[in-house]
Amino acid sequence: MTRIPVQIGQQVQVDLSGLKAGDVALGSGVSAVGTVQDVDEGSRKITVHLGVSIEGHDRVAVAPERVVVVALAPVGSGLAVSA
């Protein structure tokens, strides 16, 4: 599987399965598209501003394994994720 570096500003799809948003537990297969806001290589978390709000939450910080690049962005630093 090819690894693509995730960069701030990229559009990505995030696997939200099993996460909680407020009092709502998200089921399997739930995902959303959003824009990468931050990449923290130390904690291995990618913060994504989602295109939707779930229970008032529109940002998530997730492991790179939950992120798939949808559109490439300008050059920058980031963590590699599966394509």
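The numbers attached to residues start from 1 for each chain and follow its sequence in the written order. Given that this is a predicted model, residues contribute local features only at a pLDDT of at least 70 and side-chain atom pairs are listed and counted only at 80 or more, while totals for whole chains, interfaces and linings are drawn from all residues. Side-chain metrics rest on all non-hydrogen atoms present in the structure, leaving aside hydrogens and water.

**Q** Could you give an account of the overall build of the chain, naming the residues involved and the relevant values?
**A** Each helix is a run of DSSP H or I of at least 4 residues and each strand a run of E of at least 2, with the numbering of both proceeding from the N terminus. In terms of regular secondary structure, the chain is built from zero helices and nine strands. The helix and strand sequence of the chain, counted from the amino end, reads β-β-β-β-β-β-β-β-β. For the chain, the residues scored as buried account for 29% of the 83 residues in total. Contacts are assigned to residue pairs that have any heavy atoms within 4.5 Å of one another. Contacts spanning at least 24 positions in sequence make up 54% of the contacts within the chain whose residues lie at least 6 apart. Carbon and sulfur atoms make up 51% of the accessible area of the chain, which totals about 4,800 Å². Burial classification: accessible surface area is computed with a 1.4 Å probe over protein chains only, and a residue below 20% of its type maximum counts as buried, one above 50% as exposed, and the rest as partly exposed. Surface exposure here means Shrake-Rupley accessible area, sampled with a 1.4 Å probe, where a residue is shielded only by the protein chains that are shown.

**Q** Help me get a handle on the sheet that holds strand E2 (residues 11-15), residues and values and all.
**A** Only when DSSP finds a minimum of two bridges between them are two strands counted as paired. Strands sit in the order E7-E6-E5-E2-E8 across an open sheet of five strands; the sheet is antiparallel. Among the strands making up the open sheet, the edge pair consists of strand E7 (57-62) and strand E8 (67-71). Strand after strand, the sheet turns through a mean of 40 degrees between neighbouring axes, direction not considered. Sheet analysis places strand E6 (residues 45-54) next to E7, joined by five bridges and oriented antiparallel. Counted as the bridge partner of Val-48 is Val-60 from E7. Fitting a line to C-alpha atoms yields each axis, with helices limited to the stretch in contact; the angle taken between N-to-C directions then spans 0 to 180 degrees.

**Q** Which residues make up unusual backbone geometry, and what are the values?
**A** Although it is not a glycine, Arg-44 adopts a positive phi angle of roughly 55 degrees. Summarising the element assignment, Arg-44 is placed in the loop between strand E5 (31-40) and E6. Of the residues examined, Arg-44 reaches a relative accessible area of 38% and is grouped as partly exposed. The backbone of Glu-55 shows a phi angle near 55 degrees, a positive value even though the residue is not glycine. Tracing the chain through its elements places Glu-55 in the loop between E6 and E7.

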